[in-house]
Amino acid sequence: MEIVRSHRQVAAAAAAAGGGGGAGALPTYKAAPQLEVRLEEFELFAIDRLRVLKGISDGLSRGKRPEEMEKLVSELWKTHMRHQDPAETLNKDIVSHFVLRLVYCRTEELRKWFLSMETTLFRYRFRLESPESQRMLMTEFQLPYKALPHSEFEAVKDKLSQVARSIGQSANVEHVFFKVPFEEVPDLVASRRVFLSKGYAYVAMSQVVSLVVTQFRCNISKALALTNRKWTATIKEQEKDRLTPIVEALSNAYFGPDYSQPKDAVDISLKDIDQLAKSSFPLCMRHMLDKLRENHHLKHGGRMQFGLFLKGAGLKLEDALAFWRAEFSQKIGSERFDKEYAYTIRHNYGKEGKRTDYTPYSCQKIISATPGVGDHHGCPFRHFGEENLRAALNKMGVGGHALEEIMDKVKNRHYQVLYFIAIGLTEQYDIPELTGLSGIMKYTASLHINL
Amino acid sequence: MEIDDQKQQQLEAPAAVPEGFNTDYLRVYYDGKHPGCDQSYVGRREFSFTLENDIYLRFQSFDSAAELESSIKEKCPFKIDIGPVYSVDPSKRHAYAQSGNNVFVPVERELIFDIDISDYDDVRYCCSGADVCSDCWPLMTIAIKILDTSLRDDFGFSHILWVYSGRRGVHCWVCDSRARKLSNEQRAAIADYFRVYKGGENALKKVSLAGPVLHPFLARSYMDVLKTFFEDRLLLSQQLFSSERCQKILDLIPDENVASEVHDKWQGNRRSSVSKEDVNVTRWEQLKTTLQSGKHKGLRRCVEEIVFSYTYPRLDMEVVFVFQLIPVTVMILILQLFRLYHRYGP
């Protein structure tokens, strides 16, 4: 992709280039197109696409159902990306994607987020395409799956119907199925939306989206890693007077604060934890601390969510080890703690193994957790039953009218904003425990608004 | 394969782990054959040993079964953990650390599941925690039945090893090469396919079977295993419908009116006949009749939900990440030897 200050080529070139999809409407971004792009467009196109991705991120945090997401994506795209001339739309689509690759390739967290949002965007755009367009895209992704021959179909027809009905669809509507190794469709397997037999999943045409999206995700993931290498090796330096400042500005402007270096927060230390828990911790973290103190144990999910939170709040490694050891050793002894759990804590701080410096979980991640038996992590607003949530909020000092407003929001699944409403409302109703937000609380606040 | 006389005697009492743990015992136990390893990557498999005085050695690796055996005999570990197969020999990992890239990474690892009897504490009254008895151990055996069938019929795996985990549950090791190559995401997908019991400690109703019919896997599990087990064994052995315990079952009925309707029917029993039938059986039949009467559309699957709540396998959802080490107790080795004994005779 050539970035120039002068005229740009019309997007007929875009369609001809590798970035375009077979049907012209939905590109697969396989190769950087041979285009000339104006410098202003470089930034503007990226910003518009970022608005779409942020909108998607917000929709996911709110736990929107697939039908709602489909509508949301369609609206976001129309608002920010659509142009009267479809060729222009395609041009903007491709350019903005590749620019954002540069912006979001530079750290693991950025890559994860970008990959997740682009994949979601692709998934819903694919669903909105016509059947012929979808079939052409399948071919482009080289999914060598052949449709099930009639005889085989007849043999498993009943089971396929049963699966359809079990997920709330009408039986006997789909007639085209693909037999696919189960490894290729993990999301369909996980949600039991396919019939499995001898290692093969029987995937309906309508579910093919999953197949295509997995491929797409894989391609983009590899491309991001490659882009990162190129960026670090040559582009960043080469472009230091032109593109690099724009790229860096884009990610800073939209990604929010860097959690490993919070600006306003005060590093917490071991002795602060209990006190701060009462005044400043989010509900989920308070709950886990309570359970940890009660049981002298937390399962893996809780250790990760809470441990990373403490780390993000500035708890040093030595203090963290002392903290967890003090609790766990009451149940299993300090030697066993050192042997079985200390490693993971050091791992989280980037002192072991891959030495990745893990950052605290976003609300979105916490909301989408799946706590199981014996778990205390996740988002209380989502994962607690009504009674338990009321009790937990009561314990925090939230009651009466404030509590009812919150329970109402829970019904509408506005999980991420809920905590803030809880804080806001309690300030309004003057509950002493929560007035006077400390630096930690503000920092926590920034964590909750991330993305 | 040879099994010498000395070992034969030990094999007669496979469950005996001596009280006074003496390293000499270990020397004797280990003097035999253990599962052979695939030669092509045995050198990159991580083992860890826990020695006497709690000395912990990680990243042990061996180039052959014989080397492993001699190291075990020499060091006499009290506990052995098996980790994944890495991209390079774990004992040489530091040589690769300098290059900065992630050259030392796990590449292959069996698919492993862990079922813990203490995860069933909320539905068994005979024991709790690490205790197990003949009334509640069957929960494990039916879990094994269901998962084993599904791993074979649905996922097409065939090399499946079930072992007592040495404390309070079972481990399942799927050793097919296809299983070893699964990514974390694929492993999580399989675990989710099996998962029915959802919700942490704070959700009240943890099994929710939506939809007019069950997925073939769940339907088969219910019809072939769970229904009979619940009706013929569990509700009796655990006295699930006794006066103190039946409320828990009523709590699983989402509609309060229906729950009280059932409760009233149960109360009505007391005055009636001196029935030979066990109260648990009677109450269960009444509950089923009420819920399945067709009057209550929203409760279509409630009967199955109750059965599943009590009997369906509960996997430890600390899904096995590829890099984790799994303990292999002395039991597993004894079990292996025991199997060999049976296969090849004295």
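Residues numbered from 1 in each chain as written. Chains lettered and ligands numbered in written order. Predicted model: local features only at pLDDT ≥ 70, side-chain atom pairs only at ≥ 80, totals over all residues. Heavy atoms only, no water.

Description of the interface of chain B and chain A
Working step 1: Listed by partner, the interface residues are 44 residues for chain B and 39 residues for chain A.
Working step 2: Between chain B and chain A, roughly 3600 Å² of surface is buried when both sides are summed, and carbon and sulfur atoms account for 54% of that area.
Working step 3: Across the contact surface, chain B and chain A share four salt bridges.
Working step 4: Residue Asp54(B) is joined to Lys339(A) by a salt bridge in which the shortest nitrogen-to-oxygen separation is 3.5 Å.
Working step 5: At the boundary of chain B and chain A, one finds eleven residue pairs in polar contact (both at pLDDT 80 or more).
Working step 6: Sorting elements by how many residues they give to the side of chain B that touches chain A places helix α7 (residues 184-194) of chain B first, with seven residues. (Contact = heavy atoms within 4.5 Å. Buried area = accessible area lost by both parts, 1.4 Å probe. Salt bridge = Lys/Arg side-chain N within 4 Å of Asp/Glu carboxyl O. Polar contact = N/O pair within 3.5 Å; in protein donor to acceptor, adjacent residues only side chain to side chain. Helix = DSSP H or I, 4+ residues; strand = E, 2+ residues; numbered from the N terminus.)

Structural notes on empty space enclosed by the protein
To locate leftover empty space, one rolls a probe as large as a water molecule over the atoms.
Residue and element names in this part refer to chain A.
Working step 1: One pass over the structure, following the stated rule, counts eleven cavities of 30 Å³ or more.
Working step 2: What the largest cavity holds in volume is close to 190 Å³.
Working step 3: As for the largest cavity, its lining consists of 21 residues, and the residues nearest its centre are Leu 160, Ala 164, Glu 174, Phe 177 and Ala 204.
Working step 4: Taken together, the elements giving at least two residues each to the lining of the largest cavity come down to α7 (150-166) and β5 (200-204).
Working step 5: No other element matches α7, which puts six residues into the lining of the largest cavity.
Working step 6: Tallied by class, the residues present in the lining of the largest cavity amount to eleven nonpolar, seven polar and three charged.
Working step 7: Each pocket or cavity is described by its volume, and for the second largest cavity that value is around 140 Å³.
Working step 8: What lines the second largest cavity is a set of 14 residues, and nearest its centre among them are Arg 303, Gly 307, Trp 324, Ile 345 and Asn 348.
Working step 9: When residues of the lining of the second largest cavity are traced back to their parent elements, those giving at least two are α13 (300-312), α14 (317-332) and α16 (342-348). (1 Å grid on protein atoms, 1.4 Å probe; cavity = no way out; pocket = protein on both sides within 12 Å on 5 of 7 lines; lining within 4 Å. Points joined across faces, edges and corners; volume = space filled by probe spheres on them. Nonpolar A, V, L, I, M, F, W, Y, C, P; charged D, E, K, R; others polar.)

Quick word on the sheet that holds β5(A)
All names here are of chain A.
Working step 1: Spatial strand order, β3-β5-β4: three strands in an open sheet with antiparallel pairing. Looking along the sheet, the strands with just one partner apiece sit at the ends: β3 (177-181) and β4 (195-197). Taken pair by pair, the neighbouring strands of this sheet meet at an average axis angle of 30 degrees, ignoring direction. (Pairing = 2+ DSSP bridges. Axes fitted to C-alpha atoms, helices over the stretch in contact; angles between N-to-C directions.)

So, the sheet that holds strand β5 (residues 111-116) of chain B
All names here are of chain B.
Working step 1: In space, the three strands of this open sheet follow the order β5-β7-β6, with antiparallel pairing throughout. With partners counted over all chains shown, the strands left at the sheet margins are β5 and β6 (160-164), one partner each. Taken over all neighbouring pairs, the strand axes of this sheet differ in orientation by 15 degrees on average, direction set aside.
Working step 2: Of the strand pairs in this sheet, β6 and strand β7 (residues 169-174) are connected by five bridges, and their pairing is antiparallel. If you follow Ile 160 over to β7, its bridge partner there is Val 174.

Quick notes on the packing of helix α12 (residues 283-295) of chain A against α13(A)
Residues and elements named next belong to chain A.
Working step 1: Remark: α12 packs on α13, axes separated minimally by 10 Å, with the N-to-C direction vectors making an angle of 115 degrees. The hand of the α12/α13 crossing is left-handed. Residues Cys 284, Met 285, Met 288, Leu 289 and Leu 292 of α12 form the contact with α13, whose participating residues are Gly 302, Gln 305, Phe 306 and Phe 309.
Working step 2: Partitioned by chemical class, the residues of the contact of α12 with α13 number seven nonpolar, two polar and no charged. (Left-handed = near helix turned anticlockwise from the far one by under 90°.)

Re the nonpolar core
Working step 1: Core analysis: the largest hydrophobic core is formed by 134 residues, its most contacted members being Phe155(B), Phe157(B), Phe194(B), Ile253(B), Leu287(B), Ile306(B) and Phe308(B).
Working step 2: Residue contributions to this core peak at ten residues, all from helix α8 (residues 216-237) of chain B.
Working step 3: Among all residues touching Phe308(B), those that are not within four sequence positions of it are Val196(B), Val207(B), Leu209(B), Leu214(B), Leu218(B), Tyr222(B) and Leu226(B).
Working step 4: Core analysis: the next-biggest nonpolar cluster, separate from the first, contains 41 residues, Phe281(A), Leu315(A), Ala342(A) and Met407(A) among them. (Core = buried A, V, L, I, M, F, W, Y, C linked by side-chain atoms within 4.5 Å. Buried < 20%, exposed > 50% of the residue type's maximum accessible area, 1.4 Å probe, protein only.)

Some remarks on the pattern of salt bridges
Working step 1: A complete count under the given rule lists 36 salt bridges over all chains for this structure.
Working step 2: One salt bridge connects Glu68(A) with Arg65(A), and the closest N-O pair in it is separated by 3.8 Å.
Working step 3: For Glu68(A), a relative accessible area of 29% gives the class partly exposed.
Working step 4: Note on Arg65(A): relative accessible area 42%, which makes it partly exposed.
Working step 5: Among the ionic pairs, Asp122(B) bridges to Arg314(B), the shortest N-O distance being 2.6 Å. With Asp122(B) in the loop between β5 and α5 (137-153) and Arg314(B) in the loop between α12 (302-311) and β8 (326-328), the pair connects residues that are 192 residues apart, well separated along the chain.
Working step 6: The exposure class assigned to Asp122(B) is partly exposed, which follows from its relative accessible area of 27%.
Working step 7: A single salt-bridge network, built from bridges that share partners, covers Arg49(A), Asp93(A), Glu118(A) and Arg125(A).

A short note on the packing of helix α2 (residues 39-61) of chain A against helix α3 (residues 66-80) of chain A
Residue and element names in this part refer to chain A.
Working step 1: Remark: α2 packs on α3, axes separated minimally by 9 Å, with the N-to-C direction vectors making an angle of 160 degrees. On the basis of the axis angle, α2 is roughly antiparallel to α3. For the pair α2 and α3, the sense of crossing is right-handed. Of the residues in α3, those touching α2 at Asp 48, Arg 49, Arg 51, Val 52, Gly 55, Ile 56, Gly 59 and Leu 60 are Met 69, Leu 72, Val 73, Leu 76, Trp 77 and His 80.
Working step 2: For the contact of α2 with α3, the residue count by class is eight nonpolar, three polar and three charged. (Parallel < 35°, antiparallel > 145°, perpendicular 65-115°, else oblique.)

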